[in-house]
Amino acid sequence: MPKDFDIVVIGGGHGGAEASWAAARLGHSTVLVTLDPDKIGEMSCNPAIGGVGKGQMVREIDALGGLMGLAADATGMQFRMLNRSKGPAVWGPRCQSDRHEYAKFVQKQLSGQDNLTIIAGEATGILIENGRAVGVRISQQGSVSDILSRAVVVAGGTFLNGRLHCGEKIWPGGRYGEPSADALSESLRSAGLQLDRLKTGTVPRLAAETIDYDLCDRQDGDDVPAPFSFLNDFVDVEQIPCWLTGTNEKIHDAIRANFHRAPLYSGQIESTGPRYCPSIETKVDRFADKTSHLVFLEPEGRNTNWVYCNGIATSLPTDVQDFMIRNIRGLARAEILRYGYAIEYDYAPPIQLHATLETKKIRSLFLAGQINGTTGYEEAAGQGLIAGINASAMITGREPLVLMRDQAYIGVMIDDLVTKGIAEPYRMFTSRAEHRLMLRADNADRRLTAIGRQVGLVSDDRWDRYCARRRAVIRAEELMKQTRQGPKSIWQILQEPQRRAEDVIADCPEPVGGELRTLHRRCAGAIESLVIDARYEGYLIKERTAARQMHDLDSRPIPREIDYGAISHLRAEARERLAEVRPRSLGQALRISGVTPADITVLAVGLAKASRQQGDELDSRR
Ligand SMILES: Cc1cc2nc3c(=O)[nH]c(=O)nc-3n(C[C@H](O)[C@H](O)[C@H](O)COP(=O)(O)OP(=O)(O)OC[C@H]3O[C@@H](n4cnc5c(N)ncnc54)[C@H](O)[C@@H]3O)c2cc1C
């Protein structure tokens, strides 16, 4: 095995898989070091991809040429568009995945990828020279060796100093049955990075044959499953049902009676968990007046009897988990195959990163995924893709890729992380984006595929398909705007809330109607996306205007070496926060909490003055 690579990626989770695949596809000799290659692409928790906000990110990853959407389409067992009853800005594609097939698919893609070597081993340290990461020390079955590289991406997930909790029991691990990675934490810390602790938890898994499904409510997928990947026109899959049941007051009483034994309440777990994926003990505590909480029974695969109990993440002792399960409707006979548990792990507060995901302290060291304080496969994958692209850009001297808040949820997430930091595990929601109507799942290709092509990740096949869709959209828009039915154009008729797009197109006069129907037949998704543009045109215009104003501020750079102490009239709090985050632009500065629009005006004046002084100095030297 060569000892020199362009890029080393540590960790074969969802972040590391995207980072290494992207780096190798961009032509760099890449090595993925991971504890167990058979666990690459493993879903640590729920066997599902997507959801509200998250599904949009999967489509963005796909539009940029990433892996997750392809894996989800190839291995999904049930597809649903969440939030369908609300506006299209918040529709979130989600699928129930066969977790074994999902991991196998990712492993196959990575192992078949040119330029990519996969090594089973533990990365125990980052090699640093002159403030720059130059490689990784690895340990393989007790033997230690060094791999040299020009960039390093760390995507170690929940494994860094991971400690599992179930009742009073605590043991080291990165996930159930897998070791923790403690040495890497130590190495990052001694390199000067600050690390803190976060927590997450998972649910009990049950044996399918011991569940009384006739006592549960059936939940089917959509009639027509919508693919994640823009490379797929449809998903040809036999969908399987999930099942719904719920907790009850008897269970809640038992949980309350055992709070003193719950690691979350006994003081055993000290770190913060994800607010929006609370454990059942937290739900019982926080929503004391609720008499039942939903439990979704989700099969983990087509050829396994493991069933995931979505909704009851817990680290309560096993006897309390037994009682809880036995008392849920439909689960009286259920056999628990694995008890729920919680995990505490180290993460690096993301304020330490540039928007490229490179650390500010150590050049050519990038961090992606759960290590940056996020939670979720999609969040990790989005960061992994960007870290892989930017590690490559750094090596080749190309412009790094920083997606703006009006371009992608991935841009919103990274901007939030590096600008605001986190106080609890960060999960994507549509409410985090101020330009929701622009950032829809349906138009991710129109937002990002040209960028992915420029970066070099969009294949010819994907590009040709995108161009065909784009042409169809341009032609359809032209037809809709030019063709009148009575006093209004088709475009204006589509804006009437009570009109169904299918009816409008069906009623459209010939020959335009025929042409629109042909375009719709060939590129259904693209035309439906255009109809949404028509329907929300007024709001979109407003959003674009607001986005342009923010772009103006985002395009006004702040020099990296600026001394905020030298800017007169800046408030002390603003000075402190600006010096901590070191924003790259006035736009980013404005988004820092504790920095006000008035501070930005003062800063802008200070910057203009500094640049004038610099100009005068240059003139006087000439
Ligand atoms: C118990 C549990 C419950 C969870 N609950 C939820 C939830 O409810 N909702 C949710 O959205 N997400 C949840 N998650 C989080 C979800 O699994 C992660 O967000 C996601 O997997 C993060 O992806 P990642 O690539 O950052 O890291 P991971 O998927 O954790 O992958 C990390 C990879 O790095 C490798 N690795 C680590 N350190 C080293 C090293 N030193 N050397 C070599 N290889 C190394 C590991 O082997 C692994 O392959 C949970 C995770 C766990 C463990």
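Keep in mind that what you see is a predicted model, and the values were worked out from it rather than measured.

Further remarks concern the packing of aromatic side chains. The final tally for this structure, using the stated rule, is seven aromatic pairs. Ring centres of tyrosine 176 and tyrosine 341 lie 5.8 Å apart, and the angle between their planes is 50°; this geometry places the pair in the tilted category. Residue tyrosine 176 is located in the loop between strand E12 (169–172) and helix H5 (182–190), and its partner tyrosine 341 is located in the loop between strand E19 (336–338) and strand E20 (342–347); the two are separated by 165 residues in the primary sequence. Since its relative accessible area comes to 39%, tyrosine 176 is described here as partly exposed. Looking at tyrosine 341, the relative accessible area reads 7%, which means it is buried.

Attention shifts here to helix H4 (residues 99–111). Spanning 13 residues, H4 covers 18 Å between terminal C-alpha atoms, matching the ideal 18 Å at 1.5 Å per step. Listed in full, the buried residues belonging to H4 are Arg99, Tyr102, Ala103, Val106, Gln107 and Leu110. End-on, the buried residues of H4 take up no more than an arc of 130°, which puts them together on one face. Counted as exposed and oriented over 90 degrees from the buried face of H4: Lys108 and Ser111. Residues of H4 that are buried make contact with helix H1 (14–25), strand E2 (30–34), strand E3 (48–50), helix H3 (68–75), strand E5 (92–97) and strand E6 (116–120).

Bridge count between strand E7 (residues 122–129) and strand E8 (residues 132–140): seven bridges; the pairing is antiparallel. Its bridge partner being in E8, isoleucine 128 is matched across the sheet by alanine 133. Linking two consecutive strands that pair antiparallel, namely E7 and E8, is a turn of two residues; a positive phi of about 50° is found at asparagine 130 within it.

Residue glutamate 510 is joined to proline 511 through a cis peptide bond whose omega torsion reads 5°. Within the secondary structure layout, proline 511 lies in the loop between helix H15 (501–507) and helix H16 (512–522). The backbone of asparagine 161 shows a phi angle near 55°, a positive value even though the residue is not glycine. Even without glycine at this site, serine 364 takes up a positive phi of about 60°.

Core analysis: the biggest nonpolar cluster contains 124 residues, and Ile49, Leu365 and Ile410 have the highest contact counts within it. No other element matches the eight residues that helix H10 (residues 377–396) contributes to this core. In terms of domain composition, this core takes at least three residues from each of domain 1 (7–198 + 345–455) and domain 2 (205–343). Each residue touching isoleucine 49, except ones within four places of it in the same chain, is listed here: Met43, Val58, Met68, Ala72, Pro93, Arg94, Cys95, Ser97, Tyr102, Phe228, Tyr377 and Glu378.

Criteria and cut-off values
Residues numbered from 1 in each chain as written. Predicted model: local features only at pLDDT ≥ 70, side-chain atom pairs only at ≥ 80, totals over all residues. Heavy atoms only, no water. Phe/Tyr/Trp six-rings, centres within 6.5 Å; stacked < 30°, edge-to-face > 60°. Helix = DSSP H or I, 4+ residues; strand = E, 2+ residues; numbered from the N terminus. Buried < 20%, exposed > 50% of the residue type's maximum accessible area, 1.4 Å probe, protein only. Expected span 1.5 Å × (residues − 1). Arc of directions from axis to C-beta. Contact = heavy atoms within 4.5 Å. Pairing = 2+ DSSP bridges. Core = buried A, V, L, I, M, F, W, Y, C linked by side-chain atoms within 4.5 Å. Domains from an automatic or database assignment.

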